[in-house]
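# Structural description and commentary
Each chain, written out:
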2 protein chains.
Amino acid sequence: MAGEKKGLHLLDFWVSPFGQRCRIALAEKNLAYEPLEQDLSNKSDLLLRANPVHKKIPVFLHDGRPICESLAILHYLDEAFPETPALLPSDAHARAHARLWADYADRKVFECGTRLWRLKEGGEPQAQARREMVEALRTLEAELGDKAYLAGEAFGFLDLAVVPFTAWFLAYERLGEFSVEEVCPRLVAWARRCGERESVARSLHPPEKVYEFVGYLKNKYGDK
Amino acid sequence: MAGEKKGLHLLDFWVSPFGQRCRIALAEKNLAYEPLEQDLSNKSDLLLRANPVHKKIPVFLHDGRPICESLAILHYLDEAFPETPALLPSDAHARAHARLWADYADRKVFECGTRLWRLKEGGEPQAQARREMVEALRTLEAELGDKAYLAGEAFGFLDLAVVPFTAWFLAYERLGEFSVEEVCPRLVAWARRCGERESVARSLHPPEKVYEFVGYLKNKYGDK
């Protein structure tokens, strides 16, 4: 976008797991950037110009040129800043594996989470969303297995892509009336391990604050 | 998967746009492989073992190791066979742009297409799917602009990712009662241009055959 400021900017919204994974990635790469918190109820001209297709955050601006979609932003950070620590593994098969699971988290965990708050409480569709959420979390836990991190022995691409959803676990639990700790103890231990990392701790928000925000979403956009 | 055959195999289903984009990519890269057509109404042990998460085609097997999800397969082909012609552009920004639009086609065109055949004919939800399909195709046409190809002046990643949907245009038209040629003449011209390419011509099926298959889908899985 002609005339935009030089440097690195992230159009973001504090509670978005998609924005958070970009923040964690930028921190892991030690890339200094200016966060541009967006008001999603009154979208800025900058956001609408930067992402005219989806009109959504996150958008990463590199010298004014927009990169949209969080997983594409993570790929871009590796490709445009090859001198910084790589997020994706170097092996082609491991890269494909990481992409598969990041996409799984977006399609299953996020999608079931949205249905949990949007659908009417106590109905069968919400109960179905709860069952699918538990199944998705169990599938992720099985993928974690005995490893310290989803990416293997060290924190990596897949961990930073998935860990933002853990700040939503409390909200999922209260909406779905289940305990993530009971169904997926190893996943909860992994979330704690990730949370000790500075890049993660600084990018996520307290689960109670996320739950409060989910209440606002439910009240404003949920089925009545 | 231990004990699997050496070489390159593609678990596929003839009419799948996701499988077709892999076939086109393999042809563009001159990579010889064995296609393994799957019976999706009776999934093979091989498919279930290769893609236990989604249980879907396409799956690419490289010396028995599975790569799942079509866009991940395209990335893998570039990364595992760097000596073959690259599918993705080399510039980081252009790569991000290609990923954004391939994802757009999957999320909008395919998703609206599924609603078009699945939903009851003549109802408001189906009419809504039709409107969204027309909007998605217009958005793709605007992205094409005056370029010869979605990827620019030469056929590339984005073209091979999107072109399989063009074999479904006839089915979309008949289900939605609209003419793609009328609403998106440049997109239709682009589809013809792509169809002249050998890799595309050999991978896609006649629109009438696709329409016949969509009729089978509608009859078997559509809302009654």
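Shown above is the structure to which this text applies.
A brief structural summary. (Residues numbered from 1 in each chain as written. Chains lettered and ligands numbered in written order. Predicted model: local features only at pLDDT ≥ 70, side-chain atom pairs only at ≥ 80, totals over all residues. Heavy atoms only, no water.)

## Side note on the relation of the copies chain A and chain B
- Expressed as a screw transformation, the operator carrying chain A onto chain B has a rotation angle of 180 degrees and an axial translation of 0.0 Å, and the superposed copies differ by an RMSD of 0.0 Å. The two molecules are tied by a two-fold rotation axis, judged by turn and shift.
- Taken together, the interface assignments show that 100% of the residues at the interface of chain A recur at the interface of chain B, consistent with an identical surface on both copies. (Least-squares fit on C-alpha atoms with pLDDT ≥ 70 in both. Contact = heavy atoms within 4.5 Å.)

## Looking at the pattern of salt bridges
- Per the stated rule, a full pass over the model turns up 34 salt bridges over all chains.
- One salt bridge connects B:Glu79 with A:Arg99, and the closest N-O pair in it is separated by 2.9 Å. Of this pair, B:Glu79 sits in helix H3 (residues 70-80) while A:Arg99 sits in helix H4 (residues 92-118), each in a different chain.
- On the accessibility criterion, B:Glu79 (22% relative accessible area) is partly exposed.
- Of the residues examined, A:Arg99 reaches a relative accessible area of 9% and is grouped as buried.
- The closest approach of N and O atoms between B:Arg21 and B:Asp106, which form a salt bridge, is 2.6 Å. Note that B:Arg21 is positioned in helix H1 (residues 17-28) and B:Asp106 in helix H4 (residues 92-118), a separation of 85 residues in sequence.
- Exposure remark for B:Arg21: the relative accessible area of 0% places this residue in the buried category. (Salt bridge = Lys/Arg side-chain N within 4 Å of Asp/Glu carboxyl O. Helix = DSSP H or I, 4+ residues; strand = E, 2+ residues; numbered from the N terminus. Buried < 20%, exposed > 50% of the residue type's maximum accessible area, 1.4 Å probe, protein only.)

## Quick notes on the interface of chain A and chain B
- The partner chain B presents 22 residues to the 22 residues of chain A that form the contact.
- With both chains or domains summed, chain A and chain B bury close to 2100 Å², and 63% of this area falls on carbon and sulfur atoms.
- The tally of links between chain A and chain B comes to six salt bridges.
- Across the pair A:Arg107 and B:Glu69 runs a salt bridge, and its minimum N-O distance is 2.2 Å.
- Summed over the shared surface of chain A and chain B, the result is ten residue pairs in polar contact (both at pLDDT 80 or more).
- Counting residues per element, the ones that place at least two in the side of chain A that touches chain B are strand S4 (65-68), helix H3 (70-80) and H4 of chain A. (Buried area = accessible area lost by both parts, 1.4 Å probe. Polar contact = N/O pair within 3.5 Å; in protein donor to acceptor, adjacent residues only side chain to side chain.)

## Comments concerning the packing of aromatic side chains
- Scanning the model with the defined rule gives 24 aromatic pairs over all chains in all.
- Note on A:Phe169 and A:Tyr172: the rings are 6.4 Å apart at their centroids and 45 degrees apart in plane angle, and the pair reads as tilted. You can see A:Phe169 and its partner A:Tyr172 sitting in helix H7 (residues 169-176), three residues apart, about one turn around the helix.
- Three or more aromatic residues link up through ring pairs in this structure, and these residues are A:Phe13, A:Trp14, A:Phe213 and A:Tyr216.
- The positively charged end of A:Lys209 is found above the aromatic ring belonging to A:Trp14, 4.6 Å away from the centroid.
- When the ring centre of B:Tyr211 is taken as origin, the NZ or CZ atom of B:Arg174, which lies over that ring, is 4.7 Å away. (Phe/Tyr/Trp six-rings, centres within 6.5 Å; stacked < 30°, edge-to-face > 60°. Lys NZ or Arg CZ within 6 Å of the ring centre and 35° of its normal.)

## Describing the side chain of A:Arg21
- Looking at A:Arg21, its side chain comes within polar contact range of the main-chain oxygen of A:Ala161, at 2.9 Å.
- Those residues in contact with A:Arg21 that sit more than four places away from it in its chain are A:Ser70, A:Leu71, A:Leu74, A:Asp106, A:Leu160, A:Ala161, A:Pro164 and A:Phe165.

## A look at the side chain of B:Gln20
Residue and element names in this part refer to chain B.
- Mapped onto the secondary structure, Gln20 falls in helix H1.
- In this structure Gln20 comes out as buried when scored by relative accessible area, which is 1%.
- If sequence neighbours within four positions are ignored, Gln20 has contacts with Trp14, Val15, Pro164, Ser203, Leu204 and His205.

## Focus: the packing of H4(B) against helix H7 (residues 169-176) of chain B
Residues and elements named next belong to chain B.
- Where H4 contacts H7, the two axes come as close as 10 Å, and the packing angle between them is 45 degrees. Between H4 and H7, the interaxial angle falls into the category oblique. Two packed elements cross with a definite hand, and for H4 against H7 that hand is left-handed. Two secondary-structure elements touch here, H4 through Val109, Gly113, Leu116 and Trp117 and H7 through Tyr172, Leu175 and Gly176. (Axes fitted to C-alpha atoms, helices over the stretch in contact; angles between N-to-C directions. Parallel < 35°, antiparallel > 145°, perpendicular 65-115°, else oblique. Left-handed = near helix turned anticlockwise from the far one by under 90°.)

## Notes on the pairing of strand S1 (residues 8-12) of chain A
Residue and element names in this part refer to chain A.
- Summarising burial for S1: five of the five residues are buried, a large majority.
- With burial as the criterion, each face of S1 is covered, one bearing Leu8, Leu10 and Asp12 and the other bearing His9 and Leu11.
- Two strands pair when backbone bridges link them, and S1 and strand S3 (residues 59-62) are joined in this way by four bridges, in the antiparallel orientation. Following the sheet pairing, Leu8 is matched in S3 by His62.
- With four bridges connecting them, S1 and strand S2 (residues 34-37) associate as parallel partners. Of the residues in S2, the one forming a bridge with His9 is Glu34.
- Where the polypeptide runs from S1 across helix H1 (residues 17-28) and back to S2, its parallel neighbour, the crossover connection is right-handed. (Pairing = 2+ DSSP bridges. Right-handed = clockwise from strand over helix to strand, strands pointing away.)

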